[in-house]
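Structural description and commentary
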Amino acid sequence: MAILVTGGAGYIGSHTCVELLNAGYEVIVADNLCNSSEESLARVKKITGKDIRFYKVDLLWEKELREIFQKEKIEAVIHFAGLKAVGESVQKPLEYYHNNITGTLVLLHIMREFGVKNIVFSSSATVYGKPETVPIKEDFPLSATNPYGKTKLMLEDILRDLYQADSSWNVILLRYFNPIGAHKSGTIGEDPQGIPNNLIPYITQTAVGKLETVGVFGNDYDTPDGSGVRDYIHVVDLAEGHVKAVEKLAGQPGIRTYNLGTGIGYSVFDMIKAFSQVCGKEIPYVIKPRRPGDIAVCYADASLAKEELDWSAKRGLDEMCEDAWRWQENNPMGYRS
Ligand code: NAD
Ligand code: WQD
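Residues numbered from 1 in each chain as written. Chains lettered and ligands numbered in written order. Predicted model: local features only at pLDDT ≥ 70, side-chain atom pairs only at ≥ 80, totals over all residues. Heavy atoms only, no water.

**Concerning the pairing of strand β4 (residues 74-79)**
- By the criterion of burial, β4 is predominantly enclosed, with five of the six residues buried.
- Taken together, the five bridges between strand β1 (residues 2-6) and β4 define a ladder with parallel strand orientation. The residue bridging Ala2 from the neighbouring strand is Ile74, located in β4.
- One ladder, built from three bridges, connects β4 with strand β5 (residues 118-124); its direction is parallel. When the bridges of β5 are listed, His79 appears paired with Phe121. (Buried < 20%, exposed > 50% of the residue type's maximum accessible area, 1.4 Å probe, protein only. Helix = DSSP H or I, 4+ residues; strand = E, 2+ residues; numbered from the N terminus. Pairing = 2+ DSSP bridges.)

Structural data, given as structure tokens:
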């Protein structure tokens, strides 16, 4: 029996494949490579010394997706595949709704057809909108302000409705905070196309000389140093959380929702400073206006995942920076290096 990982060639997916293989699972990846390359999977195989069966398939291709379920004995699905750029989602809402919502509906229909009713879904802290207080708990009110976030919220609702209608499904919704870092080997990592949207790849690409300066989006927030505070979590901790979730699915838990974060908030200035120390050079920055839609502070209460999944993040800020830097230095052009 195998785990189907949709979007498994991507950033979080590739790291999760490593942890699944190391834990002894058989892994099948379905990815259309729209934001990744097969090279990541070649490296996953190298790291683990184990094989992955890869299908280059779009979740919207119902026939081809069905063929995977016909061929393979799939026990559970970890569903990472989706488009994830907040700004782009505002420009291209139809593409985001079609890819993320329709793609997931096609997947769920086929899973039901084959009696595969175990799914771990990649949700996001973005579903908490503008939280009133921190740390954020799973039962806080949900809202979304952009099409990307709305797809996550809608998909959570769809999965909750599905379970309501048929309680033989087992669904785990994992709400990630801010994944950063890379595998220790420095051979797999985050490989954004074009100018990065997120802070950490922007910092590492500045440190490696690809970009000139980091723009700090606002230094007048109500935070200790005025810049935005986030819960950065090492991608390998996140990947381990997925293995725990798959183990939990085997115990038929019904529907569960967990925050995956560290519970610690760091500011933009904290991150620039930590990276400067790790890479041994000053990282130039300029203060820019606030980015529309950003919130001041966001960090998790991750105690539910600790209690029910026996999972907690183990890797600290220095390790996150060191690993992100090793990946960036070894692969200045990402997988095209
Ligand atoms: P990523 O872009 O690196 O990985 C997503 C993968 O899905 C890519 O390999 C892409 O080619 C594939 N994909 C997209 N649409 C597809 C489709 N229709 N059919 C087949 N494959 C498709 O992104 P990531 O950072 O690894 O994120 C994985 C998941 O986690 C996404 O659902 C994302 O929304 C969610 N998430 C990410 C973050 C983050 O900050 N990285 C935070 C919270 C949630
Ligand atoms: C972090 C902090 C910025 C870039 C996003 C998505 C969220 C989730 C994770 C998928 C903020 C500041 C950023 C820069 C900066 N993804 N910043 N200069 O916005 O917390 O979350 O990724 O689900 O949905 O919204 O992450 O890395 O973009 O920003 O000053 O060039 O860094 O203002 O305070 P964010 P981020």
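**Focus on the pattern of salt bridges**
- Applying the stated criterion across every chain yields a total of 25 salt bridges.
- Here Glu62 ties to Arg66 by a salt bridge, and the two come within 3.0 Å at their closest N and O atoms. In this pair, Glu62 and Arg66 are both assigned in helix α3 (residues 62-71), four residues apart and thus about one turn of the helix distant.
- Overall, Glu62 belongs to the partly exposed group, its relative accessible area being 40%.
- Assessed through its relative accessible area of 21%, Arg66 is described here as partly exposed.
- For Asp310, the salt bridge goes to Lys244, with nearest N and O atoms at 3.6 Å. Of this pair, Asp310 sits in the loop between α10 (303-309) and α11 (317-330) while Lys244 sits in helix α8 (residues 235-250), placing them 66 residues apart in sequence. (Salt bridge = Lys/Arg side-chain N within 4 Å of Asp/Glu carboxyl O.)

**Examining the domain arrangement of the protein chain**
- Per the domain assignment, the segments of the protein chain are domain 1 (2-181 + 232-263) and domain 2 (183-229 + 264-305 + 317-336).
- Using C-alpha coordinates to define each centre, domain 1 is positioned 24 Å away from domain 2.
- Contact residues are listed per partner, giving 36 residues for domain 1 and 32 residues for domain 2.
- Of the roughly 3000 Å² buried where domain 1 meets domain 2, counting both sides, 64% is carbon and sulfur surface.
- A salt bridge links Asp301 to Lys137; the shortest N-O distance between them is 3.2 Å.
- The interface formed by domain 1 and domain 2 includes nine residue pairs in polar contact (both at pLDDT 80 or more).
- For the side of domain 1 that touches domain 2, the element with the most residues is helix α2 (residues 39-48), which contributes five residues. (Domains from an automatic or database assignment. Contact = heavy atoms within 4.5 Å. Buried area = accessible area lost by both parts, 1.4 Å probe. Polar contact = N/O pair within 3.5 Å; in protein donor to acceptor, adjacent residues only side chain to side chain.)

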